[in-house]
Amino acid sequence: MRKQDDTTFLALLGLIAEGARSICVGLHITAINFFRPSVCERYPRRDGKPDWQPRPGYRGDFALISDAERPGGLRCIACLQCQNICPDKCIHITPTGKGKERHPKQFLIDAGLCMYCWLCVEVCPVAALTMTPDYETSTDRPEKLIRTLEQLRERGKEYPEPLKVEMARADATSVAPTERRGD
Amino acid sequence: MSDQSQEPQAPEEVEETPAVVPLPDEWQAVVGDLLAEGNSVDQGGLRRGVPELVTTPDQVLGLLERLRSLDEPYNRLTDMCGADLGDHLQVLYFLCQGYTGKLLVVKVNLARDGEVPTATGLWPVANWPEREIMEMFGMTFTGHPEPAHLLLPEGWVGYPLRKDYVYDREHEWTRPDPMREDPEQALGLEEEDSE
Amino acid sequence: MGPQHPSTHGVLRLILTIDGEKVRSVVPDIGYLHSSLEKIAEQLDYRQYLPYADRYDYLNAMGNELCYVRAVETLLGIEPTPRCQWIRVMMAEMNRIASHLVYYGALAIDTGATTVLLYCFREREMLLNLFEAAAGQRLMYHYFRVGGLRNDLPPDFCEGLRAFCKVFPRMVAEYDKLLTKNRIFRSRTESVGYLSPETALAYGVTGPCLRGAGVPYDVRRADPYYVYPELEFDVPTYTESDSMARHLVRQEEMLQSVRILEQCLDHLPGGEVNVKVPRRLKPDPGEVYARVESPRGELGCYLVSDGSDHPYRLHMRTPSYYNLQAYPEMCTDAWIADLVAILGSVDIMLGDVDR
Ligand code: SF4
Ligand code: SF4
């Protein structure tokens, strides 16, 4: 399907000239971009500034919200709704206690299987399970990806309130902009 | 036929439309003689006013060809898929009227190990979907040019999309890999050497 | 070639028959990413399957969700609120731009220009940041819900999008100068990978590949959904039917999407985004076929319900699957070196092919 290339000397010269022009245009644009502010960031940062933080509402690693007044110190009532809705079946809860005392004895989330879909957080009737903006979850062994009750509780202490998704007012277009990265 | 295309766009009609819509009158003219000829072409309808024809394996090719040669031909096969309806299987052909967006569904009911003639002669596009349906449902498309597995590994046991399929871990890694066993032969290098 | 060749856009193997440098035949060998998403659907309920819908075409997660959600809502007889419809359209168009930007950069890499990819990803980053603010994830959004959205837009979303709409056309002009007008790129793509409209019809090719062959078919126009009838945009077509035509269609489409986004921002109505849906979704028995236009072509979702709370049968018509089937046709008598460039211009997504 390729067109027969014109091989006369003049045409060849024209091609070379055109190619050279393209390269000049390309270099020109690259030069323009060279002087634009850089959008890349070093990770992890070595200059002491905080690492990149995802926007609020980011679905990262899990946490169980603590509540000192309840048995087990957790807000969770072990109703198993999150376990049931999880499409991957990666939550495993061992409940204990009766009635108001009901709380999880063990709470396992296999973060390696999880697809961070937010369904379990959405379904929780008492907002006891949440996701945190913590995205640094990689480890060297798959077993380390299984979150236990202890880990979830510890992280819950860092994040006392469930992750709220900020919402715009209905007239969202008139809200003042905030500083954005990469613009 | 023009009012059919209007129907699906009106959102209020979605709730009102019953599950099965009788075919509009224009359709009687189109498939009327097919019905009269004693062909087992039934009419039904998807929701949202998409017409639907149901037929048998031995008549499907004739029907497809007929639909292709209408004055306003259904000449684009957009999609094909299979379904397991318990006691029998089904092959669905989604036809479009050129590039107008008008859709028609042809359904073929067949026994669980039945055979359908291949539509690759009419539309080359049917090649992959038919292979996929064959490996997923275990029916046969007679006359298919290359009835090999498409998505599943060679030597897969069972038909995964059937309702009664049970995953058998034993057959998990049975794919023979000629490249691993004898790369030279797989690449045909030996033959060339001997020549 | 493959299955791990760096330029095969995923895990694809091409079995080539070659005669010197000329390609005699190409047989794509697919299935490496097959994950049986259709079978999974039969074991989950309608709500649980939504995150899986993202995973068909992972560069166009919003579009897939849109298609699936639309099918379920039709089955249930739910009509989303106006604001929800506008936001959904907006998200789908943003995702179209993001997806085309990946395509743009990938094609540039395939033809030997690396810089463009970096610039494309810089602009894509702006979109991904917006997605992240709205949906909480950068690639697998799971933002749509049956009957609405996960949440309304975050406060500074519209401003960010406006800023993007303002700078983006300038950027496209820059890419155009840098890549499309480049002599080397033009010789690599012009009159290469010819796909005639007849072949496209026979192979069910849709999307930019079809519009590059001169057929102005776009589901957004042929079977309009949501607010598309109210929107003004052109369906770009080129009749050259080669890689360059497909490339130009996509480039033009990005600008058209920006146009749509600007209209969306102007018209975005207030009000609720969610309608009340029952806790357990149990549609009446029936079946539905919903179509949307994804960046790669016509995306269809065939959904059968038997009255229980999980789909009886779900089938997605994924555009890459059908476009890839026509790929061998485009490669007849091509040079080996052009294969990858043609593949880049078809813009397949292997998650979409293998499902
Ligand atoms: S985390 Fe919430 S949904 Fe899950 S068991 Fe506890 S209370 Fe129930
Ligand atoms: S985020 Fe989704 S996949 Fe992960 S544990 Fe929750 S429900 Fe399961």
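The rules behind each value
Residues numbered from 1 in each chain as written. Chains lettered and ligands numbered in written order. Predicted model: local features only at pLDDT ≥ 70, side-chain atom pairs only at ≥ 80, totals over all residues. Heavy atoms only, no water. Near = heavy atom within 4 Å. Nonpolar A, V, L, I, M, F, W, Y, C, P; charged D, E, K, R; others polar. pLDDT = per-residue confidence, 0-100. Helix = DSSP H or I, 4+ residues; strand = E, 2+ residues; numbered from the N terminus. Salt bridge = Lys/Arg side-chain N within 4 Å of Asp/Glu carboxyl O. Buried < 20%, exposed > 50% of the residue type's maximum accessible area, 1.4 Å probe, protein only. Arc of directions from axis to C-beta. Contact = heavy atoms within 4.5 Å. Pairing = 2+ DSSP bridges. Axes fitted to C-alpha atoms, helices over the stretch in contact; angles between N-to-C directions. Phe/Tyr/Trp six-rings, centres within 6.5 Å; stacked < 30°, edge-to-face > 60°. Lys NZ or Arg CZ within 6 Å of the ring centre and 35° of its normal.

Novice: It is not clear to me how the site of ligand 2 should be interpreted in this structure. Could you clarify?
Specialist: Looking at ligand 2, there are 13 residues lining it, with Cys-86, Cys-114, Cys-117, Cys-120 and Met-131 of chain A nearest. Residue composition of the shell around ligand 2, by class: twelve nonpolar, no polar and one charged.

Novice: Sorry, what's going on with the confidence of the model for chain C here?
Specialist: The predicted coordinates ought not to be read in detail in places where the model reports low pLDDT. Residues and elements named next belong to chain C. Of all residues in chain C, 97% have pLDDT values of 70 or greater, and the mean over the chain is 83. Confidence, read as mean pLDDT per element, is least for helix 7 (residues 183-189) in chain C (78) and greatest for helix 11 (residues 243-267) (88). Across the whole predicted complex the pTM is 0.84, and at the interface the ipTM reaches 0.82.

Novice: Mind showing me how you'd approach the pattern of salt bridges here?
Specialist: Side chains carrying opposite charge are able to pair once their charged atoms draw close together. Using the criterion set out here, one finds 32 salt bridges over all chains in the structure. In this structure, the salt-bridge partner of Glu-122 of chain A is Arg-145 of chain C, at a minimum N-O distance of 2.9 Å. With Glu-122 of chain A in helix 3 (residues 119-123) and Arg-145 of chain C in strand 3 (residues 144-145), this pair bridges two chains. The buried category is assigned to Arg-145 of chain C, whose relative accessible area is 7%. Here Glu-150 of chain A and Arg-153 of chain A are joined by a salt bridge, their closest N and O atoms 3.0 Å apart. Of this pair, Glu-150 of chain A and Arg-153 of chain A both sit in helix 4 (residues 149-158), separated by three residues, roughly a single helical turn. Accessibility expressed as a relative area gives 18% for Arg-153 of chain A, which makes it buried.

Novice: Could you clarify how one ought to interpret helix 4 of chain A in this entry?
Specialist: Residues separated by three or four positions in an α-helix point in the same direction, a consequence of the helix having 3.6 residues per turn. All names here are of chain A. Taken as a whole, helix 4 has its buried residues at Leu-149, Leu-152, Arg-153, Arg-155 and Gly-156. All buried residues of helix 4 project into a common sector of 165° when viewed along the axis, lining one side. Turned more than 90 degrees away from the buried face of helix 4, the exposed residues are Lys-157 and Glu-158. Structurally, helix 4 contributes buried residues whose contacts are with strand 1 (62-64), strand 3 (103-110) and strand 5 (146-147).

Novice: Explain the pairing of strand 5 (residues 103-110) of chain B here, please?
Specialist: Put simply, side chains in a regular strand alternate between the two faces of the sheet. All names here are of chain B. Where burial is concerned, most of strand 5 is hidden: seven out of the eight residues are buried. Inspection of the sheet shows strand 2 (residues 51-55) paired to strand 5 by four bridges, in the parallel sense. Its bridge partner lying in strand 5, Val-54 is registered against Lys-107. Sheet analysis places strand 4 (residues 89-96) next to strand 5, joined by eight bridges and oriented antiparallel. Note on strand 5: the bridge partner recorded for Leu-95 is Leu-104. Connecting strand 4 to the next strand, strand 5, in antiparallel fashion are six residues, including Gly-98 with a positive phi near 55°.

Novice: Would you mind going over the site of ligand 1 with me for this structure?
Specialist: Surrounding ligand 1, one finds Cys-76, Ile-77, Ala-78, Cys-79, Leu-80, Cys-82, Ile-93, Phe-107, Cys-124, Pro-125, Val-126 and Leu-129 of chain A. Among the residues making up the shell around ligand 1, the classes are represented as twelve nonpolar, no polar and no charged.

Novice: Is there a simple way to think about the sheet that holds strand 5 (residues 286-294) of chain C in this case?
Specialist: The strands making up a sheet are joined through hydrogen bonds of the backbone, oriented either antiparallel or parallel. Residue and element names in this part refer to chain C. Read from one edge to the other, the open sheet built from three strands follows the order 5-6-7, with strand pairing classed as antiparallel. The two strands at the open ends of the sheet, each matched to only one other strand, are strand 5 and strand 7 (313-317). Averaged over all neighbouring strand pairs, the angle between strand axes comes to 10°, with direction disregarded. Inspection of the sheet shows strand 5 paired to strand 6 (residues 297-305) by nine bridges, in the antiparallel sense. Within strand 6, the residue paired with Arg-291 across the bridge is Gly-300.

Novice: I'm lost on the packing of aromatic side chains in this one. Help?
Specialist: What describes a pair of aromatic rings is the distance from one ring centre to the other and the angle between the planes of the rings. All names here are of chain C. Considering all chains together, one arrives at 16 aromatic pairs over all chains under this definition. For the pair Phe-164 and Phe-168, a centre-to-centre distance of 4.8 Å together with 20° between the ring planes defines the contact as stacked. Separated by four residues within a single helix, Phe-164 and Phe-168 lie in helix 6 (residues 157-180), roughly one turn from each other. Phe-168 matches Phe-164 in its accessibility class, with the two residues each being buried. Each ring, one from Tyr-321 and one from Tyr-322, has its centre 5.1 Å from the other, and the planes form 85°; the classification is edge-to-face. Note on accessibility: Tyr-321 and Tyr-322 belong to one class, buried. Grouped by ring-pair contacts, the aromatic residues Tyr-225, Tyr-226, Tyr-228 and Phe-233 constitute a single cluster. Positioned over the ring face of Trp-335 is Lys-22, at 4.2 Å from the centre of the ring. When the ring centre of Phe-121 is taken as origin, the NZ or CZ atom of Arg-124, which lies over that ring, is 5.1 Å away.

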